[in-house]
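Chain by chain, the residues:
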Amino acid sequence: MKMTIFSKLLLTILTTAFVVILFMMFFMNWSFRTGFADYQYRNDLERANRLTERLVEYWEEQHSWNALRLDRRNWSGLLAEIGEGRFARRAERFGEDHRGHNRQNNDQPPPPNQSLGGRLRLLDKSGAVIMGVPVLRPEEKTTNLAITVEQQTVGWLQIIQRPLITDQVAETFRQQQANNAYLIALFAVGLSLLIALIAARQFVRPVKRLMQGAKTLSEGHYSTQIPVSSSDELGDLAQRFNQLAESLQRHQELRAQWIADISHELRTPLAVLRSEIEALQDGIRSPTPERIRSLHAEVLSLGKLVDDLHQLSMSDAGELERSELEVLEVNEVLQDLIQSSSTRLASKGLRLESQLQPQPLCIQADYKSLRQVFANLLENSYRYTDTPGRVVLRSQQKGNKAVLIVQDSAPGVPDAALPRLFDRLFRVDKSRSRALGGSGLGLSICKNIVEGLGGQIYAQHSPLGGLAVYVEFPLADVNKHG
């Protein structure tokens, strides 16, 4: 049988409460018994010590115990001084009855009275009984108090310890306390049940909301939101659930937009190719070298778009082909790129300037991926910078990071477009971008590569009037990597 969280939580709370109450009942009963016995013993001991002091004075006056042996009323008088006089006659009668009883048979004596007077024995220094019970029962325990005069022991006052609780009044009191404890325990169990029901219901309610939200989310309703009613772990879980739902909804919207943009990007060159080829087939246009070159350019543009899409999908899946990471000196990589790219940029009327710092900047990356990032950035400047213009490649150190900057001259980028430059297929001027042959995926590929290498990339306005792209990588520990 499947148990719900509500049943498990309720059972756990009730079991814990029941075990705790049982332990408390046992401990309270044991504590009462031992505590009451300890109280009785200390009370007996305090009164016996007073009697011992009085017996010391009696010895100093009589120099023997003979008066006590001859006249038991003296013993009664001493007991009366500690509040036990009414028991002296009982002890005396008990001693006489006991002696007669033992003469008739060898039975054990009956238990002494529970009062202190009935449990005191006066012994001389040799241990012979002067007053009190003549013979102890085997199970009885005693406490001996020495009667010392001038540093010599002249006798002993012996206390027979009473059983734990045998007195009827004490037993009645104990039973009454036990009954009260049972009632309290019963009330505690009922109260625990009520609290457990409320707590379990309160705990399970947000869990049920999460379950219902997960079911709704699995059905494709990404706008689902769960009310957050607490600041505990369940509240944090509900907030994470809402964030997940928002993320899924955003990705769903981006996916739909992505499919629409891809379809549009593919439709344009295909439409051009189709119209040109149909015109050639119908004899409207002749297959001149210029028209064939135009068709070839459209095919190359379409192939570039497909290649970029494939590369972007590979980077998203973490399957982009990379070499082993190594410690690279960034300025050397950028200097090689400047030498190979300056001629192409110059052919369009763009001057490529190097502003690399003289100190080496070492990062951990792979050469192929790092070169591709900055080749894409320079290609972006090549396509969208007006001529004549400037492109500057800078490097600098900022704290424990290497900052690499590619900036160009006009035209600039509107403020609203800056955060979206790295979105896929985003173009500031779509018609101009298509005319220049851009796929709208270059910066997205750069972002995936940079973040995959542990860096970050962002764009700002360039002081030259165009766009400045910043790439930051953590500096590598050269000593650690040799």
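Residues numbered from 1 in each chain as written. Predicted model: local features only at pLDDT ≥ 70, side-chain atom pairs only at ≥ 80, totals over all residues. Heavy atoms only, no water.

This part takes up the pairing of strand S1 (residues 120–124). Most of S1 sits out of view: five of its five residues are buried. Along S1, one buried face is formed by Leu120, Leu122 and Asp124 and the opposite face, lined by Arg121 and Leu123, is buried too. Direction of pairing for S1 relative to strand S4 (residues 152–160): antiparallel, over a ladder of five bridges. Bridging from a neighbouring strand, Arg121 pairs with Gln158 of S4. Sheet topology places S1 next to strand S2 (residues 129–131); two bridges connect them, and they run antiparallel. (Buried < 20%, exposed > 50% of the residue type's maximum accessible area, 1.4 Å probe, protein only. Helix = DSSP H or I, 4+ residues; strand = E, 2+ residues; numbered from the N terminus. Pairing = 2+ DSSP bridges.)

Applying the stated criterion to the full structure yields two cavities of 30 Å³ or more. Size it by volume and the largest cavity reaches roughly 40 Å³. At the level of elements, helix H9 (367–384), strand S9 (401–409) and strand S11 (465–474) are the ones that each hand at least two residues to the lining of the largest cavity. In terms of residue count, the dominant contributor to the lining of the largest cavity is H9 (three residues). Among the residues making up the lining of the largest cavity, the classes are represented as four nonpolar, two polar and one charged. (1 Å grid on protein atoms, 1.4 Å probe; cavity = no way out; pocket = protein on both sides within 12 Å on 5 of 7 lines; lining within 4 Å. Points joined across faces, edges and corners; volume = space filled by probe spheres on them. Nonpolar A, V, L, I, M, F, W, Y, C, P; charged D, E, K, R; others polar.)

Here the focus is the confidence of the model for the chain. Here the chain averages 78 in pLDDT, while 80% of its residues score no lower than 70. Note on residues 87–113: pLDDT is under 50 here. Beyond four places in sequence and across chains, it has 33 contacts. Across residues 431–435, where pLDDT falls below 50, the model places 10 contacts with residues more than four positions away in sequence or in other chains. (pLDDT = per-residue confidence, 0-100. Contact = heavy atoms within 4.5 Å.)

In terms of nonpolar packing, the biggest core is built from 42 residues, with Phe374, Leu377, Leu421, Val471 and Phe473 touching the most fellow members. Those residues in contact with Phe473 that lie beyond four places of it in its chain are Ile363, Leu370, Asn400, Lys401, Ala402, Leu404, Val450, Leu453 and Gly455. Formed by 23 residues, the second largest nonpolar core is a distinct cluster that contains Val56, Ile82, Leu116 and Leu122. (Core = buried A, V, L, I, M, F, W, Y, C linked by side-chain atoms within 4.5 Å.)

We now examine the sheet that holds S4. Pairing within the open sheet is antiparallel, and its four strands lie in the order S2-S1-S4-S3. With partners counted over all chains shown, the strands left at the sheet margins are S2 and strand S3 (142–149), one partner each. Neighbour-to-neighbour, the strand axes of this sheet turn through a mean angle of 35 degrees, independent of strand direction. Of the strand pairs in this sheet, S3 and S4 are connected by eight bridges, and their pairing is antiparallel. Bridge pairing in S4 places Leu145 opposite Leu157. (Axes fitted to C-alpha atoms, helices over the stretch in contact; angles between N-to-C directions.)

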